[in-house]
Amino acid sequence: MRRLLPLLAFGMIVSSAAAQTPAATPSPTPAAPPPAEVRQMLQLMETPAVKQWMATQAQTQTPTGQAPAGQAAAQPASTPAQPAAPGGEMSGEQMSVLSDFLGHARRHFDLVSGAAMTLPDEVENASEIVEREVRPTGWAVLTFELLALFLAGVVAELLFRMIVPRPRVKLEDGAVVTVAHHAANNLSYRIVPALVFCVATLVPLVLFNWPPITQSLAIAVAIALIVSRVTISVGRLIVALVTLPHVGGERDVSRATAMFWFKRSCIFIIYFVFGWVLIQLMAPLGFSPGSRYLVAYALGLGLLAIATEAVWSRPVEEGQKSTTASWMLTIYFAALWLLWVAGFNLILWIGIYLVALPRVLRVSTLAVRALHKAEAGFLAKKRIAAVLLDRGVRAIIITIAALWLGRILGFAADRMAAGETMIDRIVRGSVGGIVILLAADLLWHLARAYINGRLEDSPLEGSINDDEKARRARLQTLLPIFRNVLAVVIAVIAVLMVLSGLGVEIGPLIAGAGVVGVAVGFGAQTIVKDVISGMFYLWDDAFRVGEYIESGSHKGVVEAFSLRSVRLRHHRGPLTTVPFGELGAVKNLNRDWTIDKITLNVTYDTDLVLAKKVIKQIGQKLLDNPDYAPHIIETLKMKGVEQFGEFAIVIRLAMMTKPGEQFVIRRNALAMIRTAFKENGIEFAVPTLQVSSETHDADANAAAARYAAQKSGQGAEPAA
């Protein structure tokens, strides 16, 4: 039967040529036997490689949803366009798309099901090809070469580990050995043996003289071995990174959870690469594309089983495992396998990205975060380096995923760069948009990390001088606003660049945005007033974060800013948000210095010279106190007599302190004044009321004398 297929094909070609001959042509004479060249061509068409090529060409000759060339040519060019489908019904284009999808799936199923019938014959043919391949050298030599290929890397790595000792942690005297030190020191010991394995695996490919088909097998096996070994090394390194303890000892991921996913991922990848080796080997052995698809789908059931087992046996850090989530993931993975079988590769890879890409990005972020937060880690306190590594790894992962998806869609890099069709421009603009968004993301995170680092390194608390405190307050005020403005600018520029890359004219958009901005400006004058007023308040350095201000009925400590308002925390607790446009005149109570004045009332018989000396001594004691001295600019002193009151002499005291420190110093100064005045016989004057009468003075004096005598008698009784 297989020998008849080329003859039938040749007969169909001859008959089609005869059908195109005009009717007036006389009937030809009986055909002579085919010449030797034709017989050689027929024999050549019987070879497996030619059959495979013919089958491939037959499948790709007519693209999905496109009519054959003969039918397209037969259709008149003047055929009128079909009327559009009425509302509520599917148009012809929509029906064509659905038909294309169904036709593609049907042809794919027919290809795979037909291969199941011819697979035994193809296996027999492949065995014959293998026999012819092995016959010149023999099975013993081929077995030895394959064993050398499998064992060369393992033996070389074992010898390397036996010869090269495990590195030890070497630190200076007094340094503490941490887990981060061990992880950094063992980095080379994890990577170098893997490199030795990879190099040793490639040696048999160079040393031995491989036959053509066996050479393809050897190259595929070497690639699978190298990928498997690199997967194990990189996986162990990632486990060591994500399980690094922080300074406080806590971990982002437990080691048991990390090892579980490491083992399942390694099993999945190793199973996949060796299945890929088997599929690659089937092509030179003469298997048809349908047979290769059939074997690949059967091996895909193993991948489905590995993923399902990982879902149902996954560890849970907190709480209980969700059975509903496990069933949903199982159904999702089964649906991905069915999409693969149906031949919908684009939808398949989108589904894979939805599950795998966020997890891969999360693992990379956890690894970089662990390096940044680990005790004595090389990224500890290096915010910019941590951001560069984190966002750089994310950008590389997303770029690789986008390029692979473009390849699945059939867009090579050269075609996307030089193509001028609508699809080429859209794909090129999409790839450019991804690059622009990744660059904008990297720029924003770098700027935010730098600004946040400056804010964290410039706290207002601590023993710092006045100039440094003012500079830090200025940074705490302006940097948050600059960060918000920078985020808006980067986002707008990135969106405009992406739209421009997709072919959208951004000139009208910018002009329209200007018109809309003017309209919004007229309609929201209050907001514009608030924003502009805030800009000038900040330009004039009227107040900073942490300062106490008063404005009309509002007063409090400045806690934070936004583009249009300031938040004031009252000393009793309430938080007030005041728009900049309503502030008006601002009284700042925390700039440079403040003078605190104290008024005292003393009796008219007070020795003012003595009082001045006592107050001067109190001022010196305040300067001698280490808690108050740094905040006193001019110590407490008596300014003199303020006025003569109705019942007392009013004296005025004053001192100059740093803003906000006068309250504590004042309280302690008043307590010291009271004690010192009492010790020196200086009395505070208090208002008194004296009542007298001309007729009853004698009686009042007698009553006062009796009262004094009683008091003296009571005081003398205990002495008796």
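Residues numbered from 1 in each chain as written. Predicted model: local features only at pLDDT ≥ 70, side-chain atom pairs only at ≥ 80, totals over all residues. Heavy atoms only, no water.

1. Topic: the overall build of the protein chain
Convention followed: Runs of E in the DSSP output that reach at least two residues are strands. Runs of H or I that reach at least four are helices, and both are numbered from the N terminus. Under the convention used here, a 1.4 Å probe and the Shrake-Rupley method define accessible areas, while residue burial counts only the protein chains that appear.
Assigned secondary structure in the protein chain consists of 22 helices and eight strands. Accessible surface computed for the protein chain: about 46,000 Å², of which carbon and sulfur atoms make up 64%.

2. Brief notes about the environment of isoleucine 331
Rule in force here: Three exposure classes are used, based on accessible area relative to the maximum for each residue type with a 1.4 Å probe and protein chains only: buried under 20%, partly exposed in between, and exposed over 50%.
Considering the arrangement of structural elements, one finds isoleucine 331 in helix α12 (residues 323-342). Classification of isoleucine 331 as exposed rests on a relative accessible area of 53%.

3. Overview of the pattern of salt bridges
The test is simple: One speaks of a salt bridge when a side-chain nitrogen belonging to Lys or Arg is within 4 Å of a carboxyl oxygen belonging to Asp or Glu.
On inspection of all chains with the given rule, the structure shows nine salt bridges. The salt bridge involving glutamate 157 is made with arginine 161; its shortest N-O contact spans 3.2 Å. Separated by four residues within a single helix, glutamate 157 and arginine 161 lie in helix α6 (residues 139-163), roughly one turn from each other. By relative accessible area, which is 33% here, arginine 161 ends up partly exposed. For aspartate 596, the salt bridge identified is with arginine 666, shortest N-O distance 2.9 Å. Of the two residues, aspartate 596 sits in strand β6 (residues 594-602) while arginine 666 sits in helix α21 (residues 662-679), which places them 70 residues apart along the sequence. Assessed through its relative accessible area of 13%, aspartate 596 is described here as buried. Classification of arginine 666 as partly exposed rests on a relative accessible area of 28%.

4. So, the confidence of the model for the protein chain
Quick reminder of the rule: Every residue is assigned a pLDDT by the predictor, reflecting its confidence on a scale from 0 to 100. Contacts are assigned to residue pairs with any non-hydrogen atoms lying within 4.5 Å of each other.
Of the residues in the protein chain, 72% reach a pLDDT of 70 or more, and the chain-wide mean stands at 75. Across residues 60-91, where pLDDT falls below 50, the model places eight contacts with residues more than four positions away in sequence or in other chains. Across residues 716-720 the pLDDT falls below 50, and counting only partners more than four positions away or on other chains, this stretch makes zero contacts in the model.

5. Let's talk about the sheet that holds strand β2 (residues 554-561)
Heads up, the rule is: At least two bridges found by DSSP between two strands are what make those strands a pair.
The sheet built from five strands is open, its strands ordered β4-β3-β2-β1-β5 with antiparallel pairing. For this open sheet the edge positions go to β4 (575-579) and β5 (587-588), each flanked by a neighbour on one side alone. As paired elements, strand β3 (residues 565-569) and β4 share five bridges and run antiparallel to each other. Paired with arginine 569 across the two strands is leucine 575, which belongs to β4.

6. Regarding the packing of α6 against helix α9 (residues 212-242)
How we decide: Interaxial angles span 0 to 180 degrees and are taken between N-to-C directions of axes, which are lines fitted to C-alpha atoms, for helices over the stretch in contact. Any angle that falls under 35 degrees is termed roughly parallel, while one over 145 is termed roughly antiparallel, one within 65 to 115 roughly perpendicular, and all others oblique. By convention the crossing between two helices is left-handed if the near helix lies anticlockwise of the far one by an angle smaller than a right angle, and right-handed if it lies clockwise. Gly falls in the polar group here, along with every residue not listed as nonpolar (Ala, Val, Leu, Ile, Met, Phe, Trp, Tyr, Cys, Pro) or charged (Asp, Glu, Lys, Arg).
Interaxial distance between α6 and α9 falls to 10 Å at its minimum, and their mutual angle equals 25°. As the angle between them shows, α6 and α9 are arranged roughly parallel. As for the relative orientation of α6 and α9, their crossing is right-handed in sense. Of the residues in α9, those touching α6 at Leu142, Leu146, Leu149, Phe150, Glu157 and Arg161 are Thr214, Leu217, Ala218, Val221, Ala222, Leu225 and Arg229. The residue makeup of the contact of α6 with α9, split by class, is nine nonpolar, one polar and three charged.

7. Quick notes on helix α20 (residues 608-624)
This is how it is decided: For a helix, the expected span equals 1.5 Å multiplied by the number of residues minus one. This arc describes the spread of directions from the helix axis toward the C-beta atoms. Contacts described as polar in this section are N or O atom pairs within 3.5 Å, which, within protein, must combine one atom able to donate a hydrogen with one able to accept it, while residues neighboring in sequence count only if both atoms come from side chains.
Taking 1.5 Å of rise per residue, the 17 residues of α20 would be expected to cover 24 Å, and the 24 Å separating its terminal C-alpha atoms lies within 8% of that figure. For α20, the complete set of buried residues consists of Ala611, Val614, Ile615, Ile618, Gly619 and Leu622. Angularly, the buried residues of α20 cover 140° about the axis, an arc narrow enough to put them on a single face. Every exposed residue of α20 that faces more than 90 degrees away from the buried side is listed here: Val609, Lys613, Lys616, Gln617 and Asp624. Contact partners of the buried residues in α20: β7 (632-644), β8 (649-657) and α21. Looking at where α20 begins, the residue whose side-chain oxygen comes 3.2 Å from the main-chain nitrogen of valine 609 is aspartate 607.

8. Quick look at the sheet that holds β6
Pairing is antiparallel across the open sheet formed by three strands, whose spatial order is β6-β8-β7. In this open sheet, the two strands that pair with only one neighbour each are β6 and β7. Across this sheet, the average inter-strand angle for adjacent strands is 20°, counted without regard to direction. With eight bridges connecting them, β7 and β8 associate as antiparallel partners. Within β8, the residue paired with phenylalanine 644 across the bridge is isoleucine 649. Taken strand by strand, α20 contacts β7 and β8, and its axis lies near 160° from that of β7. This element, α21, spans β6, β7 and β8 of the sheet and lies at about 25° to β6.

9. Quick look at a positive patch on the surface
Just so we agree on the cut-off: Patches were defined on residues exceeding 30% relative accessible area and lacking a salt bridge, with like-charge contacts within 9 Å and nonpolar side-chain contacts (Val, Leu, Ile, Met, Phe, Trp, Tyr) within 5 Å. When charges are counted, neither His nor the chain ends are considered; positive counts come from Lys and Arg and negative counts from Asp and Glu. Taken as the charge location is NZ of Lys, CZ of Arg, CG of Asp or CD of Glu.
Residues Lys597, Lys612, Lys616, Lys637 and Lys639 make up a contiguous surface patch of positive charge. Elements that contribute at least two residues to the positive patch include exactly α20 and β7. Summarising the element assignment, lysine 612 is placed in helix α20.

10. Some details on α6
Because the α-helix completes a turn every 3.6 residues, residues three or four places apart line up on one side. Spelled out, the test is: Here the bend at each residue means the angle between axes fitted to two seven-residue stretches, the one ending at that residue and the one beginning there.
Here α6 spans 35 Å end to end across 25 residues, near enough to the 36 Å set by a 1.5 Å rise per residue. Bending of α6 peaks at approximately 40° at the position of leucine 151. Buried residues of α6: Leu142, Glu145, Ala148, Leu149, Gly153, Glu157 and Phe160, and no others.

11. Side note on a nonpolar patch on the surface
A cluster of nonpolar residues, Leu147, Phe150, Leu151, Val155, Leu159, Met162, Ile163 and Val164, forms a patch on the protein surface that exposes about 780 Å² of accessible area. Secondary-structure assignment places valine 155 in helix α6. A residue is classified by how much of its surface remains accessible, and valine 155, at 45% relative accessible area, is partly exposed.

12. Focus on the environment of leucine 438
Checked against the element boundaries, leucine 438 lands in helix α16 (residues 422-456). Spatially, the C-alpha atoms of leucine 438 and isoleucine 396 are 9.4 Å apart, while their sequence positions differ by 42 residues. For leucine 438, the residues in contact, after removing those within four places along its chain, are Ala395, Ile398 and Thr399.

13. A word on the side chain of serine 551
Mapped onto the elements, serine 551 comes out in strand β1 (residues 548-551). In this structure serine 551 touches Leu583, Gly584, Ala585 and Val586, once residues within four positions along its chain are discounted.

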